[in-house]
Amino acid sequence: MKDPKILTKYKYSVGNAFTKSLTKYNSEEFYKPITEYLIVKDSKQMPKRIRSSIFLEIINGLALNENDYLKFACAIEFLHEFTLVHDDIQDKDEIRRGNLSLWKKFGTEKSIMMGNIIKSISDTITSEDNINIESITSKKVIETFNEVCINIIEGQYLDILYECKLNLSLEKYTNMISKKTGALMSMSFYLPAILSNKTTHQIQLLKRLGNIFGILFQISDDILGIWGEPENTGKSNFSDIRNNKKTYPIILVNKKLSAEDKSKLKKITNEKSIDELHNLLDLYNIKKTIKRDCEKYISISKDIISQIDLNTNSKENLDELFAYVMERVK
């Protein structure tokens, strides 16, 4: 499936602005290793810039000039990169976008500091003066970024906490991913409404839409973590299972497994037999169950999109994006 319009329209403009944002630090000792990590030259491994592209699409849909708000798109991407650095450390993931993760290349101590620097760059961007927005709106933007960061960290904390739990409800899982993945995704949807001084109702609609997209995106990630091709996803099919992550397919199957099949799942996990894992999940129709659940989310998203004050083209592009998220292969 080809990438939707949103993910092709803005990727390079964001990438260029993102690179330019880094150059002001080129006299610092940390510049070279951070730049080598963040600036991906291989087009096949290049980040999709999903969050910033959604942000700019909605900026355009609200009849704002995307060039005036490109710096906020970069701030979103730097915040996202910060979370990935710390996520890789905590999950001990050695590969990121087909290359060594930062901690694997430079060690845990240095990568923690470099991750914090990346977060500071995001903070610096959001605190800069901007002639296009009022000071009260600028303050709200900074508050929003800070709130989102707290939610992301809480979601990551819950993700680690739940590794020790034998069973987890779908409600707790959804709450966790709404923070860990959904918070930043959601901000990409509703931050443009804050910047354009939209009504509270419109902001809440976009916030809800973004949260649904974040949930769908994480479920899609969970699917790829088991059924995806490692050469596309850049990680092993057993990466999440090795870390005892509570993913959507595993939570669903755990609710249905017989005592005998629970033992079988444990054996499959220990032996890392991906084909046997697929067979066990197919036995309980897990993929079909996930598809049915996700179709409900997509139906809700269509209803919300129809109520948002965006131009017709942007609404169509968002509908296309929601359809894509469950079909993506990486």
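Scroll up a little and you will see the structure.
Engineer: Which residues make up the overall build of the chain, and what values go with them?
Structural biologist: Assigned secondary structure in the chain consists of 18 helices and 2 strands. For the C-alpha atoms alone, the extent of the chain along its principal axes is close to 65 × 50 × 35 Å. Considering the chain as a whole, with its 330 residues, one finds that 54% of them fall into the buried category. Here the analysis covers contacts within the chain between residues at least 6 apart in sequence; of these, 77% occur between residues at least 24 apart. Counting 49 positive and 45 negative side-chain charges, the chain places the averaged centre of each group 2 Å from the other.

Engineer: Tell me about helix H11 (residues 200-227), residues and numbers included.
Structural biologist: An α-helix turns once per 3.6 residues; consequently, residues spaced three or four apart project the same way. Across its 28 residues, H11 extends 40 Å between first and last C-alpha, which sits within 8% of the 40 Å expected from 1.5 Å per residue. H11 sits mainly inside the fold: 21 of its 28 residues count as buried.

Engineer: Describe the pattern of salt bridges, and please don't skip the residues or the numbers.
Structural biologist: A complete count under the given rule lists 18 salt bridges for this structure. Arginine 49 is the salt-bridge partner of glutamate 81, the closest N and O atoms lying 3.5 Å from each other. With glutamate 81 in helix H5 (residues 70-91) and arginine 49 in the loop between helix H3 (31-38) and helix H4 (50-61), this residue pair connects regions lying 32 residues apart in the sequence. For arginine 49, a relative accessible area of 7% gives the class buried. The shortest N-O distance in the salt bridge between glutamate 154 and lysine 179 comes to 3.4 Å. Of this pair, glutamate 154 sits in helix H8 (residues 135-161) while lysine 179 sits in helix H9 (residues 170-180), and the two are 25 residues apart along the sequence. Residue lysine 179 is classed as buried on the basis of its relative accessible area, which comes to 17%. In the salt-bridge network here, residues are joined through shared partners; they are Asp87, Asp91, Asp159, Glu163, Lys180 and Lys245.

Engineer: Outline the packing of helix H17 (residues 286-307) against helix H18 (residues 312-325), supporting the account with residue identities and numerical values.
Structural biologist: Where H17 meets H18, the closest approach of the two axes is 10 Å, and the angle between their N-to-C directions is 170°. By the angle class used here, H17 and H18 are roughly antiparallel. Each of Ile298, Ser301, Lys302, Ile305 and Ser306 in H17 lies in contact with H18, whose residues at this interface are Lys315, Leu318, Asp319 and Phe322. Split by residue class, the contact of H17 with H18 holds 4 nonpolar, 2 polar and 3 charged.

Engineer: Please set out the packing of aromatic side chains residue by residue, giving values where relevant.
Structural biologist: For the structure on display, the rule yields 8 aromatic pairs. Centre to centre, the rings of phenylalanine 189 and phenylalanine 213 are 5.8 Å apart; their planes meet at 50°, and the pair counts as tilted. Within this pair, whereas phenylalanine 189 is found in helix H10 (residues 182-195), its partner phenylalanine 213 is found in helix H11, the two being separated by 24 residues in sequence. According to the relative accessible area criterion, phenylalanine 213 is buried, its value standing at 1%. A centroid spacing of 5.2 Å and a plane angle of 75° characterise the contact between phenylalanine 213 and phenylalanine 322, whose relative ring orientation is edge-to-face. Of this pair, phenylalanine 213 sits in helix H11 while phenylalanine 322 is found in helix H18, placing the two residues 109 residues apart along the sequence. Cluster of aromatic residues (ring-pair linked, three or more members): Phe189, Phe213, Phe217 and Phe322. The ring of phenylalanine 18 has arginine 49 lying over it, and the distance from NZ or CZ to the ring centre is 4.4 Å. One Lys or Arg, arginine 51, reaches over the ring of phenylalanine 217 and ends 5.6 Å from the middle of that ring.

What counts and what doesn't
Residues numbered from 1 in each chain as written. Predicted model: local features only at pLDDT ≥ 70, side-chain atom pairs only at ≥ 80, totals over all residues. Heavy atoms only, no water. Helix = DSSP H or I, 4+ residues; strand = E, 2+ residues; numbered from the N terminus. Buried < 20%, exposed > 50% of the residue type's maximum accessible area, 1.4 Å probe, protein only. Contact = heavy atoms within 4.5 Å. Lys, Arg positive; Asp, Glu negative; His and termini not counted. Charge placed at Lys NZ, Arg CZ, Asp CG, Glu CD. Expected span 1.5 Å × (residues − 1). Salt bridge = Lys/Arg side-chain N within 4 Å of Asp/Glu carboxyl O. Axes fitted to C-alpha atoms, helices over the stretch in contact; angles between N-to-C directions. Parallel < 35°, antiparallel > 145°, perpendicular 65-115°, else oblique. Nonpolar A, V, L, I, M, F, W, Y, C, P; charged D, E, K, R; others polar. Phe/Tyr/Trp six-rings, centres within 6.5 Å; stacked < 30°, edge-to-face > 60°. Lys NZ or Arg CZ within 6 Å of the ring centre and 35° of its normal.

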